[in-house]
Amino acid sequence: MNPHLTWREKISYGVADMGFNFYWTNIATFLLIYYTDVFGISAAAAASMMFTIKLLNAFTDPLIGAIADRTSTRWGKFRPYLVWLPLPLACAAVLTYTTPGLSEDGKILWAYGSYLCMMVCYTCINIPYNALSGVLSADAQERSTLNGLRFIFAFAGGTLVTAATPWLVHQLGDGNDKLGWQLTMLAWSVLACALFVLTFFNTRERIAPPAGQKTSVRQDLHDLSRNRPWIALFFLALIIMITVTLRTSSAAYYFKYVVGRPDLMAGFVPAYMLAAAAGAALTPVLTRFIDKKKLLILLMTITSLLSTAFFFVQKDQIWLMFALQIGMGLALGPKSPLAFSMYADTADYNEWRTGRRATAMTFAAATFSQKLGTAIAVAVIGGIFTRLGYVANAAQTAVSQAGIVWLMSLIPAAFALLAVAVMFAYNLDNHKLLQIQSDLQDRQS
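Everything quoted here is computed from the prediction, not taken from an experiment.

About the cut-offs
- Residues numbered from 1 in each chain as written.
- Predicted model: local features only at pLDDT ≥ 70, side-chain atom pairs only at ≥ 80, totals over all residues.
- Heavy atoms only, no water.
- 1 Å grid on protein atoms, 1.4 Å probe; cavity = no way out; pocket = protein on both sides within 12 Å on 5 of 7 lines; lining within 4 Å.
- Points joined across faces, edges and corners; volume = space filled by probe spheres on them.
- Helix = DSSP H or I, 4+ residues; strand = E, 2+ residues; numbered from the N terminus.
- Nonpolar A, V, L, I, M, F, W, Y, C, P; charged D, E, K, R; others polar.
- Salt bridge = Lys/Arg side-chain N within 4 Å of Asp/Glu carboxyl O.
- Core = buried A, V, L, I, M, F, W, Y, C linked by side-chain atoms within 4.5 Å.
- Buried < 20%, exposed > 50% of the residue type's maximum accessible area, 1.4 Å probe, protein only.
- Contact = heavy atoms within 4.5 Å.
- Phe/Tyr/Trp six-rings, centres within 6.5 Å; stacked < 30°, edge-to-face > 60°.
- Patch = residues over 30% accessible without salt bridge, like charges linked within 9 Å, V, L, I, M, F, W, Y side chains within 5 Å.
- Areas by Shrake-Rupley, 256 points an atom, 1.4 Å probe, with all protein chains shown as cover.
- Polar contact = N/O pair within 3.5 Å; in protein donor to acceptor, adjacent residues only side chain to side chain.
- Axes fitted to C-alpha atoms, helices over the stretch in contact; angles between N-to-C directions.
- Parallel < 35°, antiparallel > 145°, perpendicular 65-115°, else oblique.
- Left-handed = near helix turned anticlockwise from the far one by under 90°.

Undergrad: Any chance you could explain the layout of surface pockets here in plain terms?
TA: Over the atoms rolls a probe the size of a water molecule, and its path tells where empty space is left. Estimates place the volume of the largest pocket at around 470 Å³. Every residue lining the largest pocket is counted, 19 residues in all, and those nearest its centre are Phe-30, Ile-33, Pro-166, Trp-181 and Pro-262. Sorting the residues of the lining of the largest pocket by element identifies α1 (7-39), α6 (140-173), α7 (177-201), α9 (228-259) and α10 (265-289) as the ones contributing at least two each. Per-element accounting of the lining of the largest pocket gives the leading share, 5 residues, to α1. Here the lining of the largest pocket is composed, by residue class, of 11 nonpolar, 4 polar and 4 charged.

Rendered as structure tokens:
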């Protein structure tokens, strides 16, 4: 019932997340500063636009999840999306990083349209991809290994993007940043398309809903609203995404305006990504000895302590900035494979409890919380920058610099502690999961 996945299939599944990070990491790390310092709109307008689009896009997630759950092709429910939509996503991404010769109002309209189109296309591929991990195998430890490997590729992709993007912009633009950003996103998009197609051809869906299942979207949402472990993960994803996005989106501003060394960004975020990849690689080993819930509580506590320590770092203590960044990467690296493995567990729990299975909806509603968290984080950054008088490409006041430091330290530390509190509501341990898997296999027999 739970076949051992080959390394070819595991790797083929994982590489697609590298492709997704060619988009996601660019958005999280560079899009805000691209809009303010290259595209040419104010921080308030950019943050407001990004918040609005993220919020709108978040509400499309359950819809995409419902459609994916009801898709039926000879290739499966979720795999076909990996070949249907990569090209539309690539086109929308290039348009997002294109600067038109328009007035500021015209640019804002362009930003709204192109960014919304990119995020909807991204969602239409990403949610079926996430759900795919829940139907490749029913074994909990196999899922931990699969998602651990997936996020090694994800963090590797993020490392590559943060290290290479500034260089690519300079090389491809030859001094013209507007052209450089456009061509750089084109290059990342082409690579992502190739990885998505590779995943399609080398994976297989094995777990299907119970025979004869017919449910409505309303019923799926009702089931999730009564799924306690999923609700805990929903709020966990929301809070962790706020924590990570606050630091990631503020880092470019921190090194440009506080430290005075924007060149350090080429190593700072990649250092985190490499450490996170190492943390993700350790996840299957850690879950053999520590229950997933206890492990997440420990990791988020460490994250809060390290983020707090960042507040006391002086701007000339470069080595300490990198040391804390690497420590946070190691601590946060396992949280993504853990969380996505746990989402699949909650889909099993829902089927065990109700007799109904909605894998894509389970993951879609989870990504809803992640996007909502990103939107909240961007809104917080934009609000703080506006209140403290941020002016693009100019020396910042002491108050504005202090706000950037808080965004890199104490504010995400507080959210990390909140994540610890939320995890105490999660009620699936290893013993319970073994019982669920056994009962589900008995029903299928």
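Undergrad: I keep staring at the pattern of salt bridges and nothing clicks. Help me out?
TA: Applying the stated rule across the entire model yields 12 salt bridges. Between Asp-223 and Arg-356 there is a salt bridge; the shortest N-O distance is 2.8 Å. With a gap of 133 residues between them, Asp-223 in helix α8 (residues 217-225) and Arg-356 in the loop between α13 (335-354) and α14 (359-388) connect regions that are remote in the sequence. A single salt-bridge network, built from bridges that share partners, covers Arg-143, Lys-292, Asp-345, Asp-348, Glu-351 and Arg-357.

Undergrad: Would you mind going over the nonpolar core with me for this structure?
TA: It is characteristic of soluble globular proteins that their nonpolar side chains tend to be buried jointly. Residues Tyr-23, Tyr-35, Tyr-115, Phe-196, Tyr-254, Phe-268 and Tyr-343 are the most contacted members of the largest nonpolar core, which totals 155 residues. Of the residues forming this core, the biggest block, 21 residues, is contributed by α9. Look past the residues within four positions of Phe-196 in its chain and what remains in contact with it is Ala-16, Gly-19, Phe-20, Tyr-23, Leu-82, Pro-86, Leu-89 and Ile-125.

Undergrad: Got a minute to help me understand unusual backbone geometry in this structure?
TA: Negative phi is the rule for most residues except glycine; trans is the rule for most peptide bonds. Unusually for a residue other than glycine, Asp-174 sits at a positive phi of about 50°. A relative accessible area of 71% means that Asp-174 is categorised as exposed.

Undergrad: What am I meant to see in the packing of aromatic side chains here?
TA: Each pair of aromatic rings is reported with the distance of its centres and the angle of its planes. Inspection of the entire model under this criterion finds 35 aromatic pairs. Measuring from centroid to centroid gives 5.4 Å for Phe-151 and Phe-340, while their planes differ by 45°, and the two rings are tilted. A residue pair is termed long-range when its members are at least 10 positions apart, and Phe-151 in helix α6 and Phe-340 in helix α13 qualify at 189 residues. Here Phe-151 and Phe-340 have matching classes, each one buried. Put simply, the rings of Tyr-13, Phe-20, Trp-24, Tyr-122, Tyr-129 and Phe-196 pair up and form one aromatic cluster.

Undergrad: Could you clarify how one ought to interpret a nonpolar patch on the surface in this entry?
TA: Among the surface-exposed residues, Val-83, Trp-84, Val-197 and Phe-201 lie close enough to one another that they form a single nonpolar patch of about 380 Å² accessible area. Going through the elements one at a time, α3 (81-84) and α7 are the ones with two or more residues in the nonpolar patch. Secondary-structure assignment places Val-83 in helix α3.

Undergrad: Whenever I open this one, the environment of Arg-357 confuses me. Can you help?
TA: Within the secondary structure, Arg-357 sits in the loop between α13 and α14. Note on Arg-357: relative accessible area 4%, which makes it buried. Distance from Arg-357 to His-222, taken between C-alpha atoms, is 12 Å for residues 135 residues apart in sequence. Residues within four places of Arg-357 in sequence aside, it is in contact with Gly-134, Arg-143, Ile-207, Ala-208, Pro-209, Pro-210, Gln-213, Ala-347, Asp-348 and Glu-351. Looking at Arg-357, its side chain comes within polar contact range of the side chain of Asp-348, at 2.8 Å. At 2.9 Å, the side chain of Arg-357 forms a polar contact with the side chain of Glu-351.

Undergrad: Is there a simple way to explain the packing of α6 against α7 in this structure?
TA: Describing two packed helices takes the angle between their axes plus the distance from one axis to the other. Packing of α6 against α7 brings their axes to within 7 Å, and their N-to-C directions diverge by 130°. The angle between α6 and α7 falls in the class oblique. The two elements α6 and α7 meet at a crossing, and its hand is right-handed. From α6, Leu-160, Val-161, Ala-164, Thr-165, Leu-168, Val-169, Leu-172 and Gly-173 reach across to α7, where they touch Asp-177, Leu-179, Gly-180, Trp-181, Leu-183, Thr-184 and Trp-188. For the contact of α6 with α7, the class distribution of residues is 10 nonpolar, 4 polar and 1 charged.

Undergrad: I would appreciate a short explanation of empty space enclosed by the protein in the present structure.
TA: Enumeration according to the criterion identifies 3 cavities of 30 Å³ or more in this entry. Of the voids in this model, the largest cavity is the one considered here, and its volume is about 680 Å³. Residue lining of the largest cavity: 38 residues in total, with Asn-21, Trp-24, Met-241, Lys-335 and Ser-336 positioned closest to the centre. Contributions of two or more residues to the lining of the largest cavity are made by α1, α5 (104-136), α6, α9, α10, α12 (318-332), α13 and α14.

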